[in-house]
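Listed below are the residues making up each chain.
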Amino acid sequence: MLIMPEPDPLVLSRRAEIVTALRQIVPGEGVIEGELARRVYETDALTAYRQLPMVVVLPETTEQVAAILRYCNDAGVRVVPRGAGTSLSGGALPLEDGVLLVMSRFRRIIEIDIPNRCVVVQPGVTNLGITEAVQGQGFYYAPDPSSQIACTIGGNVAENSGGVHCLKYGLTTNNVLGVQIVTMDGEVLRLGGKHFDGAGYDLLGIIVGSEGLLGVVTEVTVRILPKPPMARALLIGFPTVQSAGDCVSAVIAQGIIPGGMEMMDRLVTEAAEAFIHAGYPLDVEALLIVELDGCEAEVDHLVKLVQEIANLHGAVTCRASTGEAERLLFWAGRKAAFPAMGSLAPDYYCMDGTIPRKRLSEVLSRIQALSIKHGLLVGNVFHAGDGNLHPLILYDTNKPDELARAEAFGNDILRLCVEVGGVLTGEHGVGVEKRDLMPAMFDDIALNQQLRLKAAFDPGGLLNPGKVFPELHRCAEFGRMHVHRGRIAFPELPRY
């Protein structure tokens, strides 16, 4: 059962006062208080959990964001930042007594700087929008989550999103050069810039992936890359999931770093093919999509090497794209895999954990055993090259106990990831979904240090409370609960 911070009755009793104060900061239609209108924001892409926010505010300027946070900090009102709401871990789940700060009006591309190979954008610009803005000049933005048509760069920064090309070109943290953030007390900070690295502590690295717990991002500088001269994709079919997993490890062990390396099992392949008609083979148990990019001679050489490795690992089919349109079609099926699975069940639970590549075959086999144990189908589609798994657990929320079984299944998968030397999340974040599994990966010392960092930015614990840190975690140093009604219980931090 999901437990969120207990609502503060004093804050709820002041709702009218809070709404009035917010309207003074964001006039016009920027404050939403009607129940029906607030329903739009009651959940994110983790739709199993819903909560009506106390009030929704849509600022348009950094100054408005700073004023909102400053007011909420002084008034003791909790704030949940939200982008496009595509989070799959419940990171933007609102609070009953909290202000939902929606950044969707920050959708301007501020500067395209080709000589410095970077773009400065507001956080509401979509991931794909950055590439569309620079592709005419031969550039693109490398991280490409499956939801890139809808997800925003601010949300990508919050969750450290990846995508099918993150194996070679990195996740969001490897492609963000600078951010402007507003802290809970209304202070505006600039971290990084157009340069590749800065002096001092890596505060930029702390912000990327901080899931809205440390500040609200109002501007992002990303690096862009020149489009490779050539790219070709291979569709490689295998008789077993295990042989496909072994092939992945063998390709990387050979020193080949593909632009992208994705894997789908039979269930997902069949659903994606029916949805997109990408030409996927339907008589295989696992399908690899391997993309090689670079100059023409290099790509031709690497294609032959990967074909040889695949054949050595029992591939039963291997087809290379013959043109750009076909390459994009191969990827279209993969990027549509999540919605395609909607044709197989009323609901699915999308997991996100990362494991060492050499354990792929073992983990996929054990996931199938867990599927039998919990009595629920699971489809596997994931970033095979970096071991970032995305099992899709199929269930029907209208049937008694199926959601609970899906959650138990998902928890078992994540514990398995940690057991084999992996981590709880690769790109979706912890949010509320994995929050209470954090002790499976971190001991009290590590959790306490992370909470100290949170307290340094937000000592009142008002920014996105109830996320990431276990609600029942006790601090041995202080002998009390870390969180009480969402506020961090660090009255006096040790002085060093």
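Keep in mind that what you see is a predicted model, and the values were worked out from it rather than measured.

Q: What should I look at first to understand the confidence of the model for the protein in this one?
A: Reading predicted coordinates in detail is not appropriate for stretches of low pLDDT. Per-residue confidence for the protein gives a mean pLDDT of 92, with 95% of residues at or over 70. Counted against residues more than four places away or in other chains, residues 476–496, with its pLDDT under 50, gives 59 contacts.

Q: Would you take a moment to explain the pairing of strand β12 (residues 230–238) for this structure?
A: Moving residue by residue along a regular strand, the side chains alternate between the two faces of the sheet. Among the nine residues of β12, seven are classified as buried, and the element is accordingly described as predominantly covered. Pairing geometry for β12 and strand β14 (residues 286–294), over nine bridges, is antiparallel. Counterpart to alanine 231 in the pairing with β14 is aspartate 293. Strand direction decides the pairing type here: β12 and strand β15 (residues 317–320), joined by four bridges, are antiparallel. Following the sheet pairing, glycine 237 is matched in β15 by threonine 317.

Q: Explanation requested: the packing of helix α14 (residues 360–374) against helix α15 (residues 402–419) in the structure shown.
A: Relative orientation and spacing of two packed helices are given, respectively, by the angle between their axes and the distance between those axes. Contact geometry of α14 with α15 gives a least axis separation of 10 Å together with a crossing angle of 155 degrees. When the interaxial angle is binned, α14 and α15 end up roughly antiparallel. Relative to α15, α14 is oriented so that their crossing is right-handed. Here Val363, Arg366, Ile367, Leu370, Ser371, Lys373 and His374 of α14 lie close against α15, whose contacting residues are Arg405, Ala408, Phe409, Asp412, Ile413, Leu416 and Glu419. Of the residues that constitute the contact of α14 with α15, the class distribution is seven nonpolar, two polar and five charged.

Q: Explanation requested: the environment of glycine 260 in the structure shown.
A: If you trace the backbone, glycine 260 turns up in strand β13 (residues 260–265). Those residues within four positions of glycine 260 in sequence are excluded, and the remaining contacts are Val164, His165, Ile289, Val290, Glu291 and Trp331.

Q: Help me understand the side chain of glutamate 427 in this model?
A: Its location among the elements puts glutamate 427 in the loop between α15 and α16 (444–457). Although glutamate 427 is buried, it makes no salt bridge; arginine 334 carries the closest opposite charge, 6.1 Å away. Within the structure, glutamate 427 has its side chain in polar contact with the side chain of histidine 390 (distance 2.8 Å).

Q: It is not clear to me how the nonpolar core should be interpreted in this structure. Could you clarify?
A: Note on soluble globular proteins: their nonpolar side chains tend to be buried together. Ile236, Met263, Leu288, Leu292 and Ile393 are the most contacted members of the largest nonpolar core, which has 62 residues in total. What leucine 288 contacts, discounting residues up to four positions off in sequence, is Leu234, Leu235, Ile236, Phe238, Ala244, Cys247, Val248, Glu262, Met263 and Ala384. Core analysis: the next-biggest nonpolar cluster, separate from the first, contains 28 residues, Ala66, Val77, Val99 and Leu101 among them.

Q: When you look at unusual backbone geometry in this model, what are you seeing that I'm missing?
A: Glycine aside, the phi torsion of most residues is negative, and most peptide linkages are trans. Positive phi, close to 60 degrees, is recorded for glutamate 211, a residue that is not glycine. Judged by its relative accessible area of 9%, glutamate 211 falls in the buried class. For aspartate 401, which is not a glycine, the phi torsion comes out positive at approximately 70 degrees. Position of aspartate 401 among the secondary structure elements: in the loop between β20 (391–395) and α15. Exposure remark for aspartate 401: the relative accessible area of 47% places this residue in the partly exposed category.

Q: Help me out: how do you make sense of the state of the cysteines in this one?
A: What we call a disulfide is simply a covalent bond connecting the sulfur atoms of a pair of cysteines. If you walk through the whole model with that rule in mind, you get zero disulfides. The thiol of cysteine 151 is unpaired, and the distance to the nearest cysteine sulfur, on cysteine 166, comes to 13 Å.

Q: Teacher, can you tell me more about helix α12 (residues 324–335) here?
A: Note: α-helices contain 3.6 residues per turn, so residues at a spacing of three or four share the same orientation. Counted at 1.5 Å a residue, the expected span for α12 with its 12 residues is 16 Å, and the 16 Å between its end C-alpha atoms agrees. Along α12, the residues that are buried comprise Glu326, Arg327, Phe330, Trp331, Gly333, Arg334 and Lys335.

Q: Would you explain the sheet that holds strand β6 (residues 118–121) in this entry?
A: In sheet architecture, strand pairing relies on hydrogen bonds along the backbone and comes in two forms, parallel and antiparallel. An order of β5-β6-β10-β8-β9 is seen for the five strands of this open sheet, with the pairing classed as antiparallel. In this open sheet, the two edge strands, each paired with only one partner strand, are β5 (109–113) and β9 (188–192). Ignoring which end each strand starts from, the neighbouring axes of this sheet average 10 degrees apart. Inspection of the sheet shows β5 paired to β6 by four bridges, in the antiparallel sense. Considered in β6, the bridge of isoleucine 112 is made with valine 119.

Q: For this particular structure, what's the right way to read the pairing of β13?
A: With six of its six residues buried, β13 lies for the most part within the structure. The alternating pattern of β13 places Gly260, Glu262 and Met264 and Met261, Met263 and Asp265 on opposite faces, both of which are buried. In this sheet, β14 lies alongside β13 in antiparallel orientation, the contact comprising six bridges. Across the sheet, residue glycine 260 finds its bridge partner in β14, namely glutamate 291. With three bridges connecting them, β13 and strand β18 (residues 378–383) associate as antiparallel partners. Across the sheet, residue methionine 264 finds its bridge partner in β18, namely valine 381.

Q: What is the right way to look at the sheet that holds strand β1 (residues 31–32) in this model?
A: As summarised here, the arrangement of the four strands in space is β1-β2-β4-β3, forming an open sheet in which the pairing is mixed. In this open sheet, the two strands that pair with only one neighbour each are β1 and β3 (78–82). In the sheet, β3 pairs with strand β4 (residues 98–102) via five bridges, with the strands oriented parallel. Each residue of the ladder has a partner; that of proline 81, found in β4, is leucine 101. Strand contacts of helix α4 (residues 62–75): β2 (55–57), β3 and β4, with the helix running at about 170 degrees to β4, the strand carrying the most contacts.

Calculation notes
- Residues numbered from 1 in each chain as written.
- Predicted model: local features only at pLDDT ≥ 70, side-chain atom pairs only at ≥ 80, totals over all residues.
- Heavy atoms only, no water.
- pLDDT = per-residue confidence, 0-100.
- Contact = heavy atoms within 4.5 Å.
- Buried < 20%, exposed > 50% of the residue type's maximum accessible area, 1.4 Å probe, protein only.
- Helix = DSSP H or I, 4+ residues; strand = E, 2+ residues; numbered from the N terminus.
- Pairing = 2+ DSSP bridges.
- Axes fitted to C-alpha atoms, helices over the stretch in contact; angles between N-to-C directions.
- Parallel < 35°, antiparallel > 145°, perpendicular 65-115°, else oblique.
- Left-handed = near helix turned anticlockwise from the far one by under 90°.
- Nonpolar A, V, L, I, M, F, W, Y, C, P; charged D, E, K, R; others polar.
- Lys, Arg positive; Asp, Glu negative; His and termini not counted.
- Salt bridge = Lys/Arg side-chain N within 4 Å of Asp/Glu carboxyl O.
- Polar contact = N/O pair within 3.5 Å; in protein donor to acceptor, adjacent residues only side chain to side chain.
- Core = buried A, V, L, I, M, F, W, Y, C linked by side-chain atoms within 4.5 Å.
- Disulfide = S-S within 2.5 Å.
- Expected span 1.5 Å × (residues − 1).

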